[in-house]
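# A look at the structure
Next come the chains, spelled out residue by residue.
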Amino acid sequence: MSPQPPTPPSADESGKAPIEDLFKAFSTGEDGISPSEARQRLEKYGYNEMEERKTNPLRKFAGYFFGPIPFMIEAAALLSVLISHWDDFVVIIVLLLTNAVVAFLQERKADNAIELLKGRLARMARVLRGGRWNTVAARELVPGDVVRIRLGDIVPADVKLFQGEPLQIDESALTGESLPVEKHASDIAYSGSVVQRGEMNALTISTGMRTYFGKTARLVEEARTKSHFQKALLKIGNYLIVTALVLISVVFVVALFRHESLPETLQFALVLLIASIPAALPAVLSVTMAVGATILAKKQALVSKLSAIEEMAGVDILCADKTGTLTKNEIRVSEVISFGRYTEADVMLYASLASREEDRDAIDTAIISRSRELNVATGAALFKTVAFKPFDPVAKRSEAAIKDASGLEFRVSKGAPQMILSLILDGNKVAQSLDTAVKRLASKGFRAIAVARTDGAGRWEVVGIVSLYDPPREDSKETISVARSLGINVKMLTGDHIEIAKEISRELGLGTNIHDSTILLDKNDAEVQKEIEEVDGFAQVFPEHKFRIVGLLQEREHIVGMTGDGVNDAPALKKADVGIAVYGATDVAKSAAHIVLTQPGISVIIDAIMESRRIFQRMINYATYRISETIRILIFLVASIILFNLYPITPLMIVILAILNDIPIMTIAYDNVRISNSPERWDMRKVIGLATALGLIGVISTFGLLYLGLKVFDFGTGQLQSLIFLKLSVAGHMLFFVTRTRGHFWTVKPSLRLFIAIVATKVIATVITAQGILMSPIGWYNAMFVWGYAAVWFVMTDLAKGPIYRLLERGNTSPAVRQPL
């Protein structure tokens with residue numbers, strides 16, 4: 001039983017007149033309502049079909065410019081203006097504009113899904129108005145219009161059929177079913193579906209965005225999700241900015257007690273604020289994901305949303321559409337059953353004679369293709385078709401008059417088993433065998449087509465049965481198996497009948513715990529969520545069912561991937577954390593998806609998962625390093641001001657330090673990492689906890705060097721600042737080598753590109769410090785001492801990392817559970 005269509009809209013709580021009454025009055029000609037009057041009255045009742053939410057592009061752009069994450073950088077820009085640091089102000093504003101432009105363009109690209117969905121609707125329609133048939137734009141239809149639809153038409157609206165020849169309609173865009181659906185009088189034909197056979201008149205009941213297809217477009221429009229990457233950046237940024245504000249407040253209080261210059265204190269506060277803002281963090285992580293996107297593109301997976309790479313690493317449930325994704329979306333002949341004196345070759349021969357290739361009927365094409373594979377088509381060439389009756393939706397069979405090489409004429413027919421059985425004079429003899437075979441095939445999810453021919457006396461006899469199904473892709477089973485080994489639970493979602501879903505699921509090794517969509521309607525969210533987590537898949541689902549399944553799984557703290565190829569998959573693709581449009585997908589599905597596969601099969605999904613986990617590990621490594629480095633610098637600077645009344649480095653040194661630290665880190669996108677065998681998570685407790693602990697170790701080590709500079713080397717302020725600058729620079733990247741591995745730093749060799757970049761910048765820092773470029777010189781001997789001192793603390797920090805990890809992981813025994821952001 002197929003899912004039920006939605007009920008038409010009715011009177012709302014505001015007391016408006018029921019729209020159905022107006023439909024009825026218009027359709028019956030009551031009160032002489034004209035189409036224009038009907039449209040005006042419908043709009044008066046709030047039923048404006050073509051109304052679209054329009055957002056001012058400038059308002060959208062402003063939202064990106066003044067959003068929560070840019071706010072931290074805007075604060076620094078404001079301080080730059082207050083103390084007349086115009087160079088800093090210009091740089092910060094350029095950075096903000098760049099981020100806003102990128103985000104705005106990405107949003108505009110995502111909105112293409114809605115436009116493509118609307119473009120899929122029929123452009124023109126034949127409508128009966130004023131007693132005459134007219135051709136009008138489909139957007140001008142109103143409920144109550146009588147329209148005519150026939151072969152080749154895209155149904156222009158949701159309509160109720162009432163007169164004419166029964167239709168065969170392709171609803172794959174809506175339901176995903178590969179076989180056409182028969183429609184008779186009183187049935188509903190949905191907007192966007194395609195008429196493959198027949199011609200009928202119909203009454204329009206819903207148009208535009210109120211149609212079932214239109215609601216699919218609205219679901220895509222509503223499917224806005226914030227990535228975990230964005231949440232992680234916000235969490236990291238908030239942590240650092242709050243820490244900085246607290247420390248800056250302490251500095252201001254101390255300055256007031258010491259009666260220090262307010263402008264000087266404000267200037268240093270600006271430096272602290274800029275130092276605390278992870279300005280390069282989004283850029284470094286974006287570059288890392290962009291490099292990953294390039295690698296995936298070479299593997300025939302195009303990434304349209306960079307954050308999807310990070311999301312893919314954490315996917316623990318993959319919802320896969322069946323038709324066209326797990327299967328080929330091609331009708332194929334499966335099992336052939338012969339009756340009586342006939343062989344399987346005879347069954348295929350007569351089935352092919354009852355088919356006609358030029359009709360492009362899916363079933364005929366499948367039978368003829370299989371006949372050619374079995375070389376039966378060669379035998380069929382010896383027969384001549386005298387007359388041919390194509391498939392009739394009423395008779396539910398096709399028939400052909402055939403003449404063989406000897407001139408003997410006979411007839412062949414194929415179609416629904418019960419209709420073929422009705423041709424047999426003594427059908428009771430074969431009825432039981434036929435019924436048993438049909439039921440057995442149905443239990444496997446196969447569709448049975450019976451084949452018959454006449455004998456020399458013109459009497460019909462059953463030749464056999466041809467079963468049809470949509471075969472799985474060659475790589476689907478292996479892909480599912482590998483995905484499960486990586487900790488991903490795969491669930492199948494399909495618009496096909498439950499028997500077909502169970503059989504395909506069994507073949508793919510998914511299990512047969514398949515439910516239909518009725519449980520989504522009969523139970524509350526909590527019960528449904530538990531069911532969804534436990535089942536292997538769902539059958540007979542519509543777009544909003546897939547959309548809801550994805551949403552409910554996300555509410556249960558799962559990171560959800562969704563694969564699909566049709567318009568019916570678009571809302572769920574957009575809603576999912578990672579939407580994957582497979583090869584051959586419609587433009588709508590591609591536009592809604594985050595990743596688009598450009599070669600047949602889904603095995604490339606495994607490549608995407610592996611690469612995303614590799615990229616995610618690089619991002620975690622850098623985020624930990626960046627937080628730790630910021631904590632180290634912030635706390636050390638503030639503590640030095642409070643305890644020693646000393647500014648240990650100048651604002652210029654902080655700028656140089658930021659440049660030397662961030663530029664080489666861009667090469668982290670090429671670093672070597674170990675891939676996890678389970679979904680990755682932004683465990684912010686662990687990331688921030690580890691980073692803070694390592695940062696505090698860095699504070700202790702820097703104060704140790706400060707003490708040596710003051711008491712042992714007896715440096716003046718200028719040389720002391722240069723000494724601390726070099727230590728912060730050298731130890732900073734040594735800290736990165738600590739954070740980039742879970743084990744000791746030597747367990748995973750860094751990439752050559754990263755190593756060379758880091759060493760090169762440290763050499764530059766050493767030269768300018770030893771020689772006194774832009775700062776006081778400390779000489780090469782002292783510079784080498786700093787390197788040795790930093791190396792000793794580097795080893796000590798690496799040894800402390802293991803116990804810190806173990807302390808943070810106490811009570812967290814399930815790494816596969818997503819930590820809240």
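All of these numbers come straight from a predicted model, not from anything done at the bench. Residue indices begin from 1 for each chain and proceed along its sequence in written order. A pLDDT threshold of at least 70 governs which residues receive local features in this predicted model, and a stricter bar of 80 or more applies before side-chain atom pairs are shown or counted, although totals over entire chains, interfaces and linings include all residues. Values shown for side chains rest on all heavy atoms present in the structure; no hydrogens or waters enter the calculation.

## Things to note about the overall build of the protein
Note the following rule: Helix numbers and strand numbers start at the N terminus; a helix is a DSSP run of H or I with at least 4 residues, a strand a run of E with at least 2. For every residue, the accessible area obtained with a 1.4 Å probe (protein chains only) is divided by the maximum for its type, and the residue is called buried under 20%, exposed over 50%, and partly exposed between those limits. A 1.4 Å probe and the Shrake-Rupley method give the accessible areas. Residues count as covered only by the protein chains that appear here.
A count of helices and strands for the protein gives 31 helices and 21 strands. Counting across all 821 residues of the protein, residues that qualify as buried make up 53%. Here the protein has roughly 35,600 Å² of accessible surface; of this, 57% comes from carbon and sulfur atoms.

## Brief notes about the packing of aromatic side chains
Let me state the cut-off plainly: Pairing of aromatic rings covers Phe, Tyr and the six-membered ring of Trp, with a centre-to-centre limit of 6.5 Å; geometry is then stacked below 30 degrees between planes, edge-to-face above 60, and tilted otherwise. We count a charge as sitting over a ring when the NZ of a lysine or the CZ of an arginine lies within 6 Å of the ring centre and within 35 degrees of the ring normal.
Evaluated as defined, the whole model comprises 14 aromatic pairs. With a centroid separation of 6.0 Å and 90° between ring planes, the pair formed by Phe-383 and Phe-410 is classed as edge-to-face. A residue pair is termed long-range when its members are at least 10 positions apart, and Phe-383 in the loop between helix H16 (376-380) and strand S11 (384-392) and Phe-410 in strand S13 (residues 409-415) qualify at 27 residues. By relative accessible area, Phe-383 is classed as partly exposed at 21%. Pairwise contacts between aromatic rings join Tyr-622, Tyr-625, Phe-736, Phe-737 and Phe-755 into one cluster. Sitting above the plane of the Phe-410 ring, Arg-453 keeps its charged end 4.0 Å from the centroid.

## Observations regarding helix H22 (residues 525-534)
Each α-helix winds once per 3.6 residues, and so residues spaced three or four apart point in a common direction. For the record, the criterion: By definition, the arc is the one covered by directions from the helix axis to the C-beta atoms.
Restricting attention to buried positions, one finds in H22 the residues Val-528, Gln-529, Glu-531 and Ile-532. Mapping the buried residues of H22 onto a view down its axis gives an arc of 165°, with all of them on the same face.

## Things to note about unusual backbone geometry
With a phi close to 80°, Ser-186 is a non-glycine residue in the positive phi region. Within the secondary structure layout, Ser-186 lies in the loop between strand S5 (181-183) and strand S6 (188-189). What makes Ser-186 exposed here is its relative accessible area of 52%. Here Glu-557, not a glycine, exhibits a phi torsion of approximately 70°, which is positive. With respect to the element layout, Glu-557 can be found in the loop between helix H23 (543-555) and strand S19 (560-564). The partly exposed category is assigned to Glu-557, whose relative accessible area is 42%.

## Some words on the environment of Pro-472
Our working rule: The contact criterion used is simple: two residues touch if any of their non-hydrogen atoms lie within 4.5 Å.
Note that Pro-472 resides in the loop between strand S15 (460-469) and helix H19 (476-485). Exposure remark for Pro-472: the relative accessible area of 15% places this residue in the buried category. Discounting chain neighbours no more than four positions away, the residues touching Pro-472 are Leu-326, Thr-327, Lys-328, Ile-504, Glu-507 and Leu-508.

## Notes on the pairing of strand S3 (residues 146-150)
Our working rule: DSSP-based pairing: two strands are paired if at least 2 bridges between them are found.
Note: strand S1 (residues 124-129) against S3, 3 bridges, orientation antiparallel. Bridging from a neighbouring strand, Val-127 pairs with Val-147 of S3. With 5 bridges connecting them, S3 and strand S7 (residues 194-206) associate as antiparallel partners. Bridging across to S7, Arg-148 finds its partner in Asn-201.

## So, the sheet that holds strand S16 (residues 489-493)
Let me state the cut-off plainly: Here an axis means a line fitted to C-alpha atoms, over the contact stretch when the element is a helix, while the angle between two N-to-C directions is reported on a 0 to 180 degree scale.
Across the sheet, which stays open at both edges, the 8 strands sit in the order S8-S21-S20-S19-S9-S16-S18-S17 with mixed pairing between neighbours. Unpaired on one side and paired on the other, strand S8 (301-303) and strand S17 (514-516) mark the two borders of the sheet. Sheet twist, expressed as the mean angle between neighbouring strand axes with direction ignored, is 20°. Bridging between S17 and strand S18 (residues 537-539) involves 3 bridges; their strand directions are parallel. Looking across to S18, one finds that Asp-516 is bridged to Ala-539.

## Points about the packing of helix H29 (residues 717-739) against helix H30 (residues 752-771)
The criterion, for reference: We call two directions roughly parallel when the angle between them is under 35 degrees, roughly antiparallel when it is over 145, roughly perpendicular when it lies between 65 and 115, and oblique otherwise. For this scheme, ten residues count as nonpolar: Ala, Val, Leu, Ile, Met, Phe, Trp, Tyr, Cys and Pro. Four count as charged, namely Asp, Glu, Lys and Arg, and the remainder, Gly too, count as polar.
The contact between H29 and H30 brings their axes to 9 Å, and the two run at 170°. It follows that H29 is roughly antiparallel to H30 by the angle criterion. Contacts from Ser-722, Phe-725, Leu-726, Ser-729, Val-730, His-733, Phe-736 and Phe-737 in H29 reach Leu-754, Phe-755, Ile-758, Thr-761, Lys-762, Ala-765, Thr-766, Ile-768 and Thr-769 in H30. Taken together, the residues of the contact of H29 with H30 sort by class into 10 nonpolar, 6 polar and 1 charged.

## Here we look at the pattern of salt bridges
For clarity, the cut-off: Salt-bridge detection follows one rule: a side-chain nitrogen of Lys or Arg within 4 Å of a carboxyl oxygen of Asp or Glu.
Across all of its chains, the model carries 21 salt bridges by this definition. One salt bridge in this structure joins Glu-409 and Lys-403, with 3.9 Å as the shortest N-O distance. Under the relative-accessibility criterion, Lys-403 is labelled partly exposed at 31%.

## Examining the nonpolar core
A general feature of soluble globular proteins is that nonpolar side chains tend to end up buried together. Under the convention used in this document: The criterion is simple. A nonpolar core is a set of buried Ala, Val, Leu, Ile, Met, Phe, Trp, Tyr and Cys residues joined through side-chain atoms within 4.5 Å.
Residues Met-312, Leu-326, Ile-465, Ile-595, Leu-597, Ile-627 and Trp-682 are the most contacted members of the largest nonpolar core, which totals 68 residues. Non-local contacts of Ile-595, meaning those with residues more than four positions away in its chain, are made with Ala-301, Leu-302, Val-303, Ser-304, Ala-308, Met-312, Val-578, Gly-579, Ile-580 and Ala-581. In terms of nonpolar packing, the next biggest core, distinct from the first, is built from 51 residues, Ile-654, Leu-690, Leu-723 and Val-738 among them.

## Some details on the side chain of Lys-727
As a reminder, the rule being used: For the charge count, each Lys or Arg is scored as positive and each Asp or Glu as negative, with His and the chain ends excluded.
Tracing the backbone through its elements, the reader meets Lys-727 in helix H29. The side chain of Lys-727 is buried and forms no salt bridge, while Glu-629, the nearest opposite charge, is found at 8.0 Å. Those residues in contact with Lys-727 that lie beyond four places of it in its chain are Arg-632, Gly-698, Ser-701, Thr-702, Leu-705, Gly-732, Val-786 and Tyr-789.

## Considering a nonpolar patch on the surface
To keep things clear, this is the line we draw: Two distance rules govern patches: like charges are joined within 9 Å, and nonpolar side chains (Val, Leu, Ile, Met, Phe, Trp, Tyr) within 5 Å, applied only to residues with over 30% relative accessible area and no salt bridge.
There is a patch of nonpolar side chains on the surface, built from Leu-752, Phe-755, Ile-756, Val-759 and Val-763 and spanning about 450 Å² of accessible area. You can see Val-759 is positioned in helix H30.

## A word on the packing of helix H14 (residues 344-353) against helix H15 (residues 362-373)
Counted only if it meets this: Crossing handedness is defined as follows: a turn of the near helix away from the far one that is anticlockwise and smaller than a right angle gives a left-handed crossing, while the clockwise case is right-handed.
Running from N to C, H14 and H15 point in directions that differ by 135°, and their axes come no closer than 9 Å. Taken as axis vectors, H14 and H15 run oblique relative to one another. Crossing angle aside, the handedness with which H14 passes H15 is left-handed. On H15, the residues that touch Met-348, Ala-351 and Ser-352 of H14 are Ile-367, Arg-370 and Ser-371. Its residues placed into classes, the contact of H14 with H15 shows 3 nonpolar, 2 polar and 1 charged.

## Re the confidence of the model for the protein
Inclusion rule: As a per-residue quantity, pLDDT reports the predictor's confidence and falls between 0 and 100.
For the protein, the average pLDDT comes to 76, and 76% of its residues sit at 70 or higher. Averaged pLDDT values for the elements of the protein fall to 39 in helix H1 (residues 19-28) and rise to 93 in S13. For residues 61-70, every residue scores under 50 in pLDDT, and the model assigns this stretch 22 contacts once sequence neighbours within four places are set aside.

## Regarding the sheet that holds S13
Pairing is antiparallel in the open sheet, where 6 strands are placed in the order S10-S15-S14-S13-S12-S11. Bordering the open sheet on either side are strand S10 (332-338) and S11, each of which pairs with just one other strand. Strand-to-strand twist across the sheet, computed as the mean angle between neighbouring axes with direction ignored, equals 20°. Bridging between S10 and S15 involves 5 bridges; their strand directions are antiparallel. Residue pairing across strands places Val-336 opposite Val-466, the latter belonging to S15. In the packing of H15 onto the sheet, contacts are made with S10, S13, strand S14 (447-454) and S15, and the angle to S10 comes to roughly 70°. Against the sheet, helix H18 (residues 428-443) touches S10, S14 and S15, its axis set at about 5° to S15.

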